[in-house]
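Overview (structure and organization)
This is what each chain is made of:
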Amino acid sequence: MKVKKIEEEYKKTIDSLNAVKAKTEEFKKRFDPIRLSFITEKDRIDTDASLGLTEKAEAHEKNKKRYIESREEMVQNIRFEALALHRRASELIYGQEFTLPDGSKKIWNMIPFDVQVIGALTLNGGNIPEMRTGEGKTLVATLAAYLNALSGDPVHVVTVNEYLSRRDAGEMGIIYGALGMTTGVVLNSQSRDEKKKNYNCDIVYVTNTELGFDYLRDNMAIREDRKAMGKKWFAIVDEVDSILIDEARTPLIISAPDTEPTSKYARFAAFARSLKDETDYKIDEKQKTATLTEDGIANLEKYLGVDNIYVSQHFNDLHHVENALKASAVYKRDIDYLVRNDEVMIIDEHTGRVLPGRRYSDGLHQAIEAKEAVTIQQESRTLASVTFQNYFRLYPKLAGMTGTAKTEEEEFYKIYHLEVITIPTNKPIRRIDRGDLLFRTEKGKYSYLVKLIAELYKHGQPILVGTISVAKSEYLSTMLEKEGIPHKVLNAKQDAHEADIIAAAGQYGAITIATNMAGRGTDIKIDERVRTLTGMV
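Source: prediction; values computed, not measured.

On to the overall build of the protein chain, then. Within the protein chain, the regular secondary structure consists of 20 helices and 18 strands. Counting every position in the protein chain, which comprises 537 residues, the buried fraction comes to 47%. For the protein chain, restricting intrachain contacts to residue pairs at least 6 apart in sequence, the fraction spanning at least 24 positions comes to 70%. If you average the places of the 77 positive and of the 82 negative side-chain charges in the protein chain, the two averages end up 4 Å apart.

Turning our eyes to something else, we now look at the sheet that holds strand 6 (residues 203–207). As summarised here, the arrangement of the five strands in space is 5-6-4-7-14, forming an open sheet in which the pairing is parallel. Taken across any chain shown, the strands that pair with only one partner, and hence form the sheet edges, are strand 5 (183–185) and strand 14 (397–401). Within the sheet, the average angular offset between the axes of one strand and its neighbour, ignoring direction, is 20°. Pairing geometry for strand 5 and strand 6, over three bridges, is parallel. The residue bridging Gly184 from the neighbouring strand is Val204, located in strand 6. Packed onto the sheet, helix 6 (residues 137–149) meets strand 4 (155–159), strand 6, strand 7 (234–238) and strand 14 and runs at close to 175° relative to strand 7. Lying over the sheet, helix 8 (residues 192–199) contacts strand 4, strand 5 and strand 6, oriented at roughly 130° with respect to strand 6.

Quick look at the layout of surface pockets now. What the second largest pocket holds in volume is close to 1200 Å³. Lining the second largest pocket we find 45 residues, and of these Ile346, Arg358, Arg359, Tyr360 and Ser361 sit closest to its centre. The set of elements that each furnish at least two residues to the lining of the second largest pocket consists of helix 10 (240–246), strand 8 (251–257), helix 13 (315–329), strand 12 (343–346), helix 14 (364–371) and strand 13 (380–387). When its residues are assigned to classes, the lining of the second largest pocket shows 16 nonpolar, 16 polar and 13 charged.

So, about empty space enclosed by the protein. Considering all chains together, one arrives at one cavity of 30 Å³ or more under this definition. Along its surface, the largest cavity is lined by Thr138, Ala141, Val157, Thr159, Asp168, Tyr205, Asp238 and Met401. Elements supplying a minimum of two residues to the lining of the largest cavity: helix 6 and strand 4. Taken together, the residues of the lining of the largest cavity break down into four nonpolar, two polar and two charged.

This paragraph deals with the packing of helix 13 against helix 14. The relative placement of two packed helices is expressed as an angle between their axes plus a distance between the axes. Running from amino to carboxyl end, helix 13 crosses helix 14 at an angle of 55°, the nearest separation of the two axes being 8 Å. Put simply, helix 13 runs oblique to helix 14. Taken as a pair, helix 13 and helix 14 cross one another with a handedness that is right-handed. Each of Asn323, Ala324, Lys326, Ala327 and Ser328 in helix 13 lies in contact with helix 14, whose residues at this interface are Leu364, Ala367, Ile368 and Lys371. Residue composition of the contact of helix 13 with helix 14, grouped by class: five nonpolar, two polar and two charged.

Looking at the element boundaries, Ile468 is found in the loop between strand 16 (463–467) and helix 18 (470–482). Residue class for Ile468 comes out exposed when judged on its relative accessible area of 69%. C-alpha separation for the pair Ile468 and Glu349, spaced 119 residues apart in sequence, amounts to 8.6 Å.

Where helix 11 (residues 263–274) meets helix 12 (residues 294–304), the closest approach of the two axes is 11 Å, and the angle between their N-to-C directions is 135°. Looking at the two axes, helix 11 sits oblique to helix 12. In this structure, helix 11 meets helix 12 at a crossing whose hand is right-handed. In this structure, helix 11 uses Arg267, Phe268 and Phe271 to contact helix 12, whose residues at the interface are Gly296, Asn299, Leu300, Tyr303 and Leu304. Residue classes in the contact of helix 11 with helix 12 are distributed as five nonpolar, two polar and one charged.

This part takes up the sheet that holds strand 16. Strand order in the open sheet formed by three strands is 16-18-17, and the pairing between neighbours is parallel. Either end of the sheet is taken by a strand with one partner, and the two such strands are strand 16 and strand 17 (488–490). Between one strand axis and the next, the sheet turns by 20° as a mean value, whatever way the strands run. By the bridge criterion, three bridges tie strand 17 to strand 18 (residues 511–515) in an arrangement that is parallel. Of the residues in strand 18, the one forming a bridge with Val489 is Ile513. Its contacts with the sheet put helix 17 (residues 442–458) on strand 16 and strand 18, and the angle it makes with strand 16 is roughly 160°.

About the cut-offs
Residues numbered from 1 in each chain as written. Predicted model: local features only at pLDDT ≥ 70, side-chain atom pairs only at ≥ 80, totals over all residues. Heavy atoms only, no water. Helix = DSSP H or I, 4+ residues; strand = E, 2+ residues; numbered from the N terminus. Buried < 20%, exposed > 50% of the residue type's maximum accessible area, 1.4 Å probe, protein only. Contact = heavy atoms within 4.5 Å. Lys, Arg positive; Asp, Glu negative; His and termini not counted. Charge placed at Lys NZ, Arg CZ, Asp CG, Glu CD. Pairing = 2+ DSSP bridges. Axes fitted to C-alpha atoms, helices over the stretch in contact; angles between N-to-C directions. 1 Å grid on protein atoms, 1.4 Å probe; cavity = no way out; pocket = protein on both sides within 12 Å on 5 of 7 lines; lining within 4 Å. Points joined across faces, edges and corners; volume = space filled by probe spheres on them. Nonpolar A, V, L, I, M, F, W, Y, C, P; charged D, E, K, R; others polar. Parallel < 35°, antiparallel > 145°, perpendicular 65-115°, else oblique. Left-handed = near helix turned anticlockwise from the far one by under 90°.

Written out as structure tokens, the structure is:
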């Protein structure tokens, strides 16, 4: 393996962090001629009076393309040297204690394994390494991020929530600092100036949502100095299947409040409650829609005192009634949304997490607010919008990591030209994956589950139970409470404590109930007593 061979040479010549940082500077200087050539050509195009606007735009595009190609060629030329230096730096700081930005202490105890280096080379090739849970994808990302940040352009490491951004920027900032690189973390609560400072770091940790909204805000900025983001060069997307496939078409929208009165929503919510299923309307569960029957239309016309609801002046009323009907009959509390602090908050169907700041469009959110009798906020006008799919295709270089990518392999290639490469585990897998059990009724399923949990709890074996919704997690919680079995519940209502609850799920006697994918990316560490019980279930 080339990396190991170079690393053996570095062990003889690099014996301190100062030497590591000097080597990093040497790598960076190799990119200087490429950047100088790009800037020189850019200035020449800008000052060439013989070129028209279209010709200048085409010339700039060609210059940019040459720069990207030259930069990528240099990255590939130094990849083995850079990864070897990363491993050497990890060896030099191994066992040392560091203070993290939040004041906590961490002992650095990681040196990348061979399979992790292979994962990093896969990322660097603009692909997706599929690595099993626990194989250290967070560390893998640092190898590829360091290598590509040597070009002088920032690398964005994209996470699914701010807890992971903060955690990874803090903990992985140790190895970046040892290598002489700067680390930034971009959070929703930061000011524009704070974000600009963090975006200018060598490696930037940020959520997919914040990236999308910052992109929209920058495009709405009236002056260059009011923009926060820097260049988009290379993005490493963690949980890439969730972000680039499951949420690919989710629109991020910046909007402004409309001036239409909100009283009408309460009026139509009251009417929707008076309608009878099958008689007045029919539900399409798959499409999440509800449509009025002829009887329902007749009742609506009678309620509004009109002869024909389908004439133009009543179209708006019909639209609001259909939203009120969807809110009443289709959208379920604690499954599709929850109510917190007088506010309706959407629950992500893929992760079970609350989506703060997100609202249903086209008046549906207001209809749900009317149904739940909370404060109805003004409907809004869309000012700017982008989907994750369109945003991430703006990066010249894109890669991602996950433990579950093979099932979407074809989609990744068709949409993003990303290939999925399965990386072997560092050690043989000891986990036992059992087959599914089928039950005739839901009641029978949960009764069996409670009995199984009770039996395992007697021996202190930790148990993690996944459910499909907030409602199901609370239903199971109620059944366990009746049996006097202590447990913790992690769903959209406890999202602020997500990492703490999941991290403790491997402790002796712990029982944790979680909605489907809550806690992704959080390490579950089992204690020594659990090892004697063959691990957690």
